[in-house]
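Chain by chain, the residues:
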Amino acid sequence: GENVEQHPSTLSVQEGDSAVIKCTYSDSASNYFPWYKQELGKRPQLIIDIRSNVGEKKDQRIAVTLNKTAKHFSLHITETQPEDSAVYFCAASLGGGADGLTFGKGTHLIIQP
Amino acid sequence: NAGVTQTPKFRILKIGQSMTLQCTQDMNHNYMYWYRQDPGMGLKLIYYSVGAGITDKGEVPNGYNVSRSTTEDFPLRLELAAPSQTSVYFCASSADGKNTEAFFGQGTRLTVV
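Quick summary incoming for the structure in this document. The structure displayed is predicted, hence computed values, not measured ones.

### Considerations on the overall build of chain B
Phase 1: When its secondary structure is counted, chain B shows zero helices and 11 strands.
Phase 2: Counted from the first residue to the last, chain B has its helices and strands arranged as β-β-β-β-β-β-β-β-β-β-β.
Phase 3: For chain B, the C-alpha radius of gyration of 13 Å lies close to 13 Å, the compact-globule estimate for 113 residues.
Phase 4: If one aligns the C-alpha atoms of chain B with their principal axes, the spans along those axes are about 40 × 25 × 25 Å.
Phase 5: The buried share of chain B, taken over its 113 residues, is 44%.
Phase 6: In chain B, 55% of the contacts between residues at least 6 apart in sequence involve partners at least 24 apart.
Phase 7: Carbon and sulfur atoms form 51% of the exposed surface of chain B, whose accessible area is close to 5400 Å².

Now the structure itself:
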């Protein structure tokens, strides 16, 4: 089955700086790559996703890049703010997301004031 | 619009007891999922369903059962609770194979003692 590795497990950045979280996946047939944000004690919520026919996608301060050849994808957050502090999960799916997601272990992002 | 609703929010079970985690969604989504989340391990797919009457195993189905008699409901059954099933359980749903954003319930924190 699919295996998703996520790094780093903890990331501390100064407010206003950029943060980058990286993931690799094992199955070259995976075609859907979402990112979820989970605040303490809350449910995961989708923040951005990308499909295998696209190399990059942006939504305001958040961007995701996908390198199919290397089988890795990254989340970029610019101009970080205190409310960005949370755990971020990357995920991959073989069936476009319909047959469930394989998640990475998460990155705890800490925004230092 | 309630979205995905899970009950109960918290539960303590004794080893060998059984229980059903309830999940219902009011978005008329075809696809529903059960995940478990262990500390530092991300979310793992237990079971999923692509429509009423259809269920399929995910990555970690042992010790669990599901049913999908209606579009709205997707209960998860634990027959003989074991300490290894102590976890936070999330139910999720998505619309279809193209609109695959997964909407999560608020989670059920289960402790088996």
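### Quick look at the overall build of chain A
Phase 1: For chain A, the helix and strand inventory stands at zero helices and 11 strands.
Phase 2: Reading chain A from its N terminus to its C terminus gives the helix and strand order β-β-β-β-β-β-β-β-β-β-β.
Phase 3: Over its C-alpha atoms chain A spans a radius of gyration of 13 Å, differing by no more than 12% from the 13 Å that the globule rule assigns to 113 residues.
Phase 4: Burial status across chain A gives 45% buried among its 113 residues.
Phase 5: Within chain A, contacts between residues at least 6 apart in sequence are counted, and of these 54% link residues at least 24 apart.
Phase 6: In the form shown here, chain A has an accessible surface area of approximately 5500 Å², with 47% of it arising from carbon and sulfur atoms.

### Digging into the interface of chain B and chain A
Phase 1: On the side of chain A, 18 residues touch chain B, which itself brings 20 residues to the contact.
Phase 2: Buried area between chain B and chain A, summed over both chains or domains, comes out near 1600 Å², and the portion from carbon and sulfur atoms is 54%.
Phase 3: Looking only at chain B, the three residues that lose the most surface to chain A are B:Leu43, B:Thr100 and B:Phe104, adding up to 31% of its buried area.
Phase 4: Applying the counting criterion to the chain B and chain A interface returns zero salt bridges.
Phase 5: The tally of links between chain B and chain A comes to four residue pairs in polar contact (both at pLDDT 80 or more).
Phase 6: Of all the elements, strand β4 (residues 31-37) of chain B adds the most residues to the side of chain B that touches chain A, at four residues.
Phase 7: The class makeup of the residues in the side of chain B that touches chain A is 11 nonpolar, seven polar and two charged.

### Examining the pairing of strand β6 (residues 56-59) of chain A
Residues and elements named next belong to chain A.
Phase 1: As paired strands, β6 and strand β7 (residues 62-67) are joined by four bridges and run antiparallel to one another. Across the sheet, residue Glu 56 finds its bridge partner in β7, namely Thr 65.
Phase 2: Linkage of β6 to β7, two consecutive antiparallel strands, is achieved through a turn of two residues, within which Gln 60 is found at a positive phi near 60°.

### Overview of the nonpolar core
Phase 1: Grouped together as the largest cluster of nonpolar side chains are 24 residues, with contacts concentrated most on A:Trp35, A:Phe73, A:Leu75, A:Tyr88 and A:Leu109.
Phase 2: Those elements giving two or more residues to this core turn out to be β2 (10-14), β3 (19-25), β4 (32-38), β5 (45-51), β7, β8 (72-77), β9 (86-92) and β11 (107-112) of chain A.
Phase 3: Those residues within four positions of A:Phe73 in sequence are excluded, and the remaining contacts are A:Ile21, A:Lys22, A:Cys23, A:Tyr25, A:Phe33, A:Trp35, A:Thr65, A:Leu66, A:Cys90 and A:Ala91.
Phase 4: Core analysis: the second largest hydrophobic core is formed by 19 residues, B:Leu13, B:Cys23, B:Tyr47 and B:Cys91 among them.

### Some thoughts on the sheet that holds β3(A)
All names here are of chain A.
Phase 1: Here five strands make up an open sheet; going across it, the order is β1-β3-β8-β7-β6 and the pairing antiparallel. On the outer flanks of this sheet lie β1 (4-7) and β6, each paired with one strand and no other. Going from strand to strand, the sheet's axes swing by 15° on average, the running direction of each strand aside.
Phase 2: Where β7 and β8 come together, six bridges link them in antiparallel fashion. Across the sheet, the residue bridging to Ala 63 is His 76, located in β8.

Cut-offs used in this document
- Note on numbering: residues in each chain are counted from 1, in written sequence order.
- Here chains are named by letter from A upward and ligands by number from 1 upward, in the order in which they appear as written.
- A pLDDT threshold of at least 70 governs which residues receive local features in this predicted model, and a stricter bar of 80 or more applies before side-chain atom pairs are shown or counted, although totals over entire chains, interfaces and linings include all residues.
- In computing side-chain values, all of the structure's heavy atoms are included and hydrogens and water are not.
- For helices the rule is a DSSP run of H or I covering at least 4 residues; for strands it is a run of E covering at least 2, with both sets numbered from the N terminus onward.
- Each radius of gyration is computed over the set of C-alpha atoms, and the globule rule expresses the reference value as 2.2 Å times the number of residues to the power 0.38.
- Each residue's exposure class comes from its accessible area (1.4 Å probe, protein chains only) as a fraction of the maximum for that residue type: buried when under 20%, exposed when over 50%, partly exposed otherwise.
- Throughout, a contact is declared for two residues whenever any of their heavy atoms are within 4.5 Å.
- Residue-level accessible areas treat just the shown protein chains as cover; the underlying method is Shrake-Rupley with a 1.4 Å probe.
- Once two parts are brought into contact, the accessible area they lose, counted with a 1.4 Å probe and summed over both, makes up the buried area.
- Criterion for a salt bridge: a side-chain nitrogen of Lys or Arg within 4 Å of a carboxyl oxygen of Asp or Glu.
- Definition of a polar contact: a pair of N or O atoms within 3.5 Å, with one able to donate and the other able to accept a hydrogen when the atoms are protein atoms, and with sequence-neighbouring residues admitted only if both atoms are side-chain atoms.
- Amino acid classes used here: Ala, Val, Leu, Ile, Met, Phe, Trp, Tyr, Cys and Pro are nonpolar; Asp, Glu, Lys and Arg are charged; the rest, including Gly, are polar.
- Two strands qualify as a pair provided DSSP detects at least 2 bridges between them.
- The term nonpolar core refers to a set of buried residues drawn from Ala, Val, Leu, Ile, Met, Phe, Trp, Tyr and Cys, joined through side-chain atoms within 4.5 Å.
- Helix axes are fitted only over the stretch in contact, all axes being lines through C-alpha atoms; the angle between N-to-C directions runs from 0 to 180 degrees.

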